[in-house]
Structures are given as structure tokens and as C-alpha cells.
Amino acid sequence: MHTPTTEARPSIYYPYQVFQPWLASAHPAQDRKKVVVVGAGPAGMVTALELARHGVASVVLSSELQFSQGSRAICFTRRSMEILQQVGVADRMTEGGLPWRFGNSFYRGQRVFRMEAPHDADDRFFPIINVQQQYMEEYLHDACQAHPLIDFRWGNKLEKIDQKDGYAVLEVDTPEGPYALESDWVVAADGGRSGIRSAMNLQMEGASYEGFFVIADIQVDLPLPTERLAFFDPDWNPGNTILMHREPNGIWRVDYQLPAGETPEEALHPDSLKARIDAQLAMIGHAGVAWKMDWSSVYSARTLTLPDFVHGSVIFTGDAAHLLPIFGVRGANTAFQDAQSLGWHLAFVVKGLAGKQLLANHSAERVGAAREIITEAGKSTRFMAPPSPGFRLLRDAVLSLSLSQEFVRPLYHWRTSRPHEYSHSMLNSRDDDNHLFKSGPAHGAPPQNVRLGANDFLLDHLGGGFDLLYFTDAIALPDALQQVIQTARAQGLPLKVTAVGAAQAVNGADQTLPDADGHLRQRYGVPVDDGAKGGAYLLRPDQHICARWLTLDATRLQAALDNALPNHTCRT
């Protein structure tokens, strides 16, 4: 019998709530589900919300009765906020979050590099915002609870999965005992120590680094801005690296590397934690300042991924699918992108809008993203924590030269997480005009947001299915184009048409966005003086570009839709 703790987790700043367990005895009817999501962390909840946004019901299982302990993920990128806007929690994130865009690297008391993340008037969100994970989980949970298509079950622990022909049987344990649950699909979002991955004996590919790092969240008043601080080879921790971040509610994250040979148990001893945090505060000019410990943990850097995320009826996502180092804020941010991708791919398969081949595309794209991140994160990890004497020699040479030589300082750049571009996706149109564009988001890229008004942006108007941006100053879409759109919709395809550029409503479009100064067209590489030619972009439900044309006609749109939905025909 599963007995999750009913004692609220301790925290200086976050009031943990213990939820009541979901018990099968109160819900005797257990029909087969379309999707069961195992794990109620960021990846699991965003997957459930994305599925619901596309009209697919799911059950979410959480083995615990409360949100995760400690701040964990704290830095969320602009693209993550755009994804969270789609599932309805971005406003709550921005209300209490701390936005920032600068990162500083120090060596021998000197700032040797200052990173500035791009930010302009067309961006609704800052490059990064700091919010503790418990708050983010609370916002996602509230959104799940409010959605009638999401059945959230606290205190339900998955014990076993038995895959049948086309579905799975789950054994789920609760505080009153186990029950059986059938589901067509199971999303394994059960974290880095995934029990599902272990039970299926699946092996990850990549590397694990030997060094350990301590995360310590302390409550302390420091008169410092919300910027990333990195300290290399300090006197109190020679050869190692220390990171600091400001969090909401007067909390600071202190993240430091352990000397070789020190065990996690030794590192987390209160005397060790106090001595090292005192030393760090003294080094930055705040010796003797009072502080309180909220939470601490130890982690090691790993760059690992499953080579395939889809195994029969089980689909892995988030940390269950890959393990990535936190350098460059890659953990939860990558999980959001996984979940957004999985949500629409799986929903379209469940609804019969595409064949299972579409899930193979999801796996290929997200494995490719994980491997790209592993390459980038590996470089950051080797600089932060050199894994061999050779790497340390090179790193130390950069540190020494950076005191006087400007040209080596960009090597400190931490390669911030960025959304993967699905440049080689099989969903990208093969015969559009992608190669003719001189600017704008290309095949597989996420969309470019554009400010339309004081508090009005392009991405506020998109989402929920495929989006066709049609650039025109005409009064109507061509009849043949409208016929393709109407037929696709009649066959169940969610397709919204946005006309861009006309001063009046455009017949055949769902909405019209004026573009009097041509700024939106300029950001998308569409010539302003070609309003009658019908340039266009086709965005997938995750908003990544799958086709773009300088001139769009019915035949080309039909071909792009057919290509974007394998094993499904949207034809007139």
C-alpha cells in the first residue's frame, strides 16, 4: 500500500499544501483512458495541458501529495514563457518573477566577461525570468484542475506497466491499495530517476561527469541586481566554480562545485554548508551578513538521452527521456519544449488526424534537440568543471589570459538554452520558397514575435492548431485557397487563417492584422511592396515553421498540409 508523506514540506518562503489522495473506491468506473501521464512535474503537467488544448483528455498521476521540495528549476527562458502563455500560466509567472538579461563572469576579483541576452521591443517576455519551481508547479496545477479534460490524481503511484496490443495496463497503488487502469497511451514524465525507464531496461546514450555540485537556497538581503554571477577559481574553492542567482522572496541560489573526493553526505553537513556559504558571501563583500538555509541538494552533470522516446504505447518526455546539465538553464526549459511537441503530435494521432508515423517524427525531432543540447552543454560543463587534466589546463589558460586579453573572454559564454530549430523535419514542405527568403524564421524555427500595440503581440493571436499567416492587401483570399482551407477543416484539421497587411477585414480569413508600417512583414522577410502576391507562412501547432512562400496558391498549400500530417489525407 502506497503511503506518501502527509507532513507539509518545510520552507522559509513557500506554504506547502498537502492535497487529498485520489482513491479508486470513490470512482468505481474505470474505463480505458486515451492518455495517462505518469509524473506531475513541469513536463507532465504541460503535456496534459497541451493535450487538453487540442481536445484530448488525460489522467495525471502524482505519487506525492504536494509539490516538489526546494526551488529546483528557477530560470525560465523567453521561449518557455511563450509556451506557458499557450497553456494559460504566463501571467502568473510574470507577476511574481524576476526578469533579467545579463550574466557576469569573475576571475581573481575582476569581471572578465559580461553576457547580454538579446531583447527588443518585439519581445513580450524577457530573455529569462527567475521563479521557484514550486510556484510554477502551483500555477500549472491550478490550470490542470480548472480544465475538465484533465483528471489529476494525487497520491497515485505507478507500480507496473504491462503493454498489450495497442494499449497498456497500469497497476497503480494508492493509500487504500492498488487498482488497474488501462490506457491507449502512457506518457512517462516520471523524472530523472524514471522507474518506467528502469523497468523497461532502456539505456541512455552520452556521458556523465564525475564532479558534484551543491545547490543551496538561502534567505539573505544582498544589494545586488538580478543577474547571473559566476566565479571561477576563487581562493576558498580553488580550481572550482560558483554560481549565484537572485530568486523571488528574498532567496539567493548559491551553486558551487565540490573538491575532488568529497562525498555528497559530507558536502551537505550543516557545518560544511555554513563555512562555504560564509566564504562566498565574504568574497563578494558581505562578510558576516545574516542568512538562513531554506533547501540544499547535490547534483552531478550528465549529458544523456534515450535514442528513441517512443516505445510501443509508452512515450518518454522531460528528464525521463534525457538528463541534461543545468548550465545554460536547460532542464525545465527543454522539458517545456518536449511537452509542447508531444502534446500536439500525440493529440493528432489520438484524434485520427495523423498516423503513428507522426510520433516517430516527434521522437526524431526531440532526440535531435537533446543531442544538440548535449553538444552545447558539454562545452559549458567542460569549462565549468574540467573533466581531465588536459581540459583543466586549457580552462586555466583561458582564465589567466582573460585578465588582460579581450579576445578570449567570449569563451566564458554559457551557451544559454535556445529553442531547437527542426531544420530537417520530415514535416517541412519540400517545394515551398524557403530558400528564396532573405530573412524571417526559416524551416523548423520557432516564430518571431512582433509587437502590434501597447500590450498586443503577434503570438497572442496564434495557437490551438495550424496557423496560416497570409500576407495580403487584397479584400479576400483567392477562392481556390479558401476551398483547400474549408476542405481541410471539414476533415477535422484545426487551421486558423490570419491575414496580415490589409487595412480592412479580409474575406476568408479568421482575423486580419493591419501592418501599416510594414514592420510585421519585414520581420518575416515578406517584401512590403508585394502585397498582391500572397506571401505566406504555415506554422505547426507548436508554432514552428513548416512552410513559407513568397507566393502561395492552392496546390502548394495542399502539398504542405499533406506533408505535415503523415498518413492522413486533407484533399479536395
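Residues numbered from 1 in each chain as written. Predicted model: local features only at pLDDT ≥ 70, side-chain atom pairs only at ≥ 80, totals over all residues. Heavy atoms only, no water.

In this structure, what is going on with the nonpolar core? I would like to understand it.
In globular proteins that are soluble, nonpolar side chains generally tend to be buried together. With 87 residues, the main nonpolar core has F466, L468 and L538 as its most contacted residues. When residues of this core are sorted by domain, at least three fall in each of domain 1 (24–207 + 303–376) and domain 4 (434–564). (Core = buried A, V, L, I, M, F, W, Y, C linked by side-chain atoms within 4.5 Å. Buried < 20%, exposed > 50% of the residue type's maximum accessible area, 1.4 Å probe, protein only. Domains from an automatic or database assignment.)

Hey, could you run me through the domain arrangement of the protein in this one?
One widely used convention gives an interface's size as the accessible area the parts lose upon coming together. Domain parsing of the protein yields domain 1 (24–207 + 303–376), domain 2 (211–299), domain 3 (378–412) and domain 4 (434–564). Here the C-alpha centroids of domain 2 and domain 4 sit 49 Å apart.

I tried to follow the sheet that holds strand β24 (residues 511–514) on my own but got confused; where do I start?
The strands making up a sheet associate through hydrogen bonds between their backbones, and the pairing can be parallel or antiparallel. Read across the open sheet, the five strands follow the order β24-β23-β22-β25-β26; overall the sheet is mixed. Of all strands in the sheet, those bounded by a partner on one side alone are β24 and β26 (545–549). Each strand of the sheet is rotated relative to its neighbour by a mean of 15°, with strand direction disregarded. Judged from the five bridges that link them, strand β22 (residues 466–471) and strand β25 (residues 535–539) form a sheet pairing that is antiparallel. Each residue of the ladder has a partner; that of L468, found in β25, is L538. Against the sheet, helix α13 (residues 554–564) touches β22, β23 (495–501), β25 and β26, its axis set at about 170° to β26. (Pairing = 2+ DSSP bridges. Helix = DSSP H or I, 4+ residues; strand = E, 2+ residues; numbered from the N terminus. Axes fitted to C-alpha atoms, helices over the stretch in contact; angles between N-to-C directions. Contact = heavy atoms within 4.5 Å.)

Hey, could you run me through the packing of helix α2 (residues 78–86) against helix α8 (residues 331–350) in this one?
Two quantities define a packed helix pair, namely the angle between the helix axes and the distance between the axes. α8 packs onto α2 with a crossing angle of 40° between their chain directions and a minimal axis gap of 9 Å. By the angle class used here, α2 and α8 are oblique. The handedness of the crossing between α2 and α8 is left-handed. Contact residues: α2 offers R79, S80, I83 and L84, while α8 offers N333, F336, Q337 and Q340. (Parallel < 35°, antiparallel > 145°, perpendicular 65-115°, else oblique. Left-handed = near helix turned anticlockwise from the far one by under 90°.)

In this structure, what is going on with unusual backbone geometry? I would like to understand it.
Glycine aside, residues mostly have negative phi angles, and peptide bonds mostly take the trans form. In the Ramachandran plot, R72 falls in the positive-phi region, its phi being about 50° despite a non-glycine side chain. Inspection of the secondary structure assignment puts R72 in the loop between β2 (58–62) and β3 (75–77). With a phi angle near 70°, N249 is a residue other than glycine that sits in the positive phi range. For N249, the position within the fold is in the loop between β14 (241–247) and β15 (251–257).

Got a minute to help me understand the side chain of R521 in this structure?
Note that R521 resides in helix α12 (residues 519–523). Judged by its relative accessible area of 9%, R521 falls in the buried class. Leaving out residues up to four positions away in the same chain, R521 has contacts with F471, G501, D515, A516, V526 and V528.

Could you clarify how one ought to interpret the packing of helix α1 (residues 42–53) against helix α4 (residues 133–146) in this entry?
Across the interface, α1 lies against α4 with an axial gap of 10 Å and an inter-helix angle of 25°. Taken together, the axes of α1 and α4 are roughly parallel relative to one another. For the pair α1 and α4, the sense of crossing is left-handed. Contacts from P42, M45, V46 and L49 in α1 reach Q133, M136, E137, L140, H141, A143 and C144 in α4. Residue classes in the contact of α1 with α4 are distributed as eight nonpolar, two polar and one charged. (Nonpolar A, V, L, I, M, F, W, Y, C, P; charged D, E, K, R; others polar.)

Whenever I open this one, α1 confuses me. Can you help?
It helps to recall that an α-helix has 3.6 residues per turn; residues three or four apart then point in one direction. For α1, spanning 12 residues, the distance from its first C-alpha to its last is 16 Å, which sits close to the expected 16 Å at 1.5 Å a residue. α1 sits mainly inside the fold: 11 of its 12 residues count as buried. Residues of α1 that are buried include every one of P42, A43, G44, M45, V46, T47, A48, L49, E50, L51 and A52, and no others. Following α1 by one or two positions, G55 has its phi on the positive side, about 85°. (Expected span 1.5 Å × (residues − 1).)

Would you mind going over the pairing of β14 with me for this structure?
One face of the sheet, then the other: side chains in a regular strand alternate in exactly this way. With seven of seven residues buried, β14 lies mostly within the body of the structure. On β14, burial covers both faces: T241, L243, H245 and E247 on one face and I242, M244 and R246 on the other are all buried. By the bridge criterion, four bridges tie strand β13 (residues 228–232) to β14 in an arrangement that is antiparallel. Opposite F231, over in β14, you have I242 as the bridge partner. From the end of β14 to the start of β15, which pair antiparallel, there are three residues, and N249 there has a positive phi angle of about 70°.

Any chance you could explain the environment of T6 here in plain terms?
For T6, the position within the fold is in the segment before β1 (33–38). By relative accessible area, T6 is classed as exposed at 62%. Along the primary structure T6 and P21 are separated by 15 residues, whereas in three dimensions their C-alpha atoms are 10.0 Å apart. Ignoring anything within four residues of it in the chain, the contact list for T6 reads V18 and L65.

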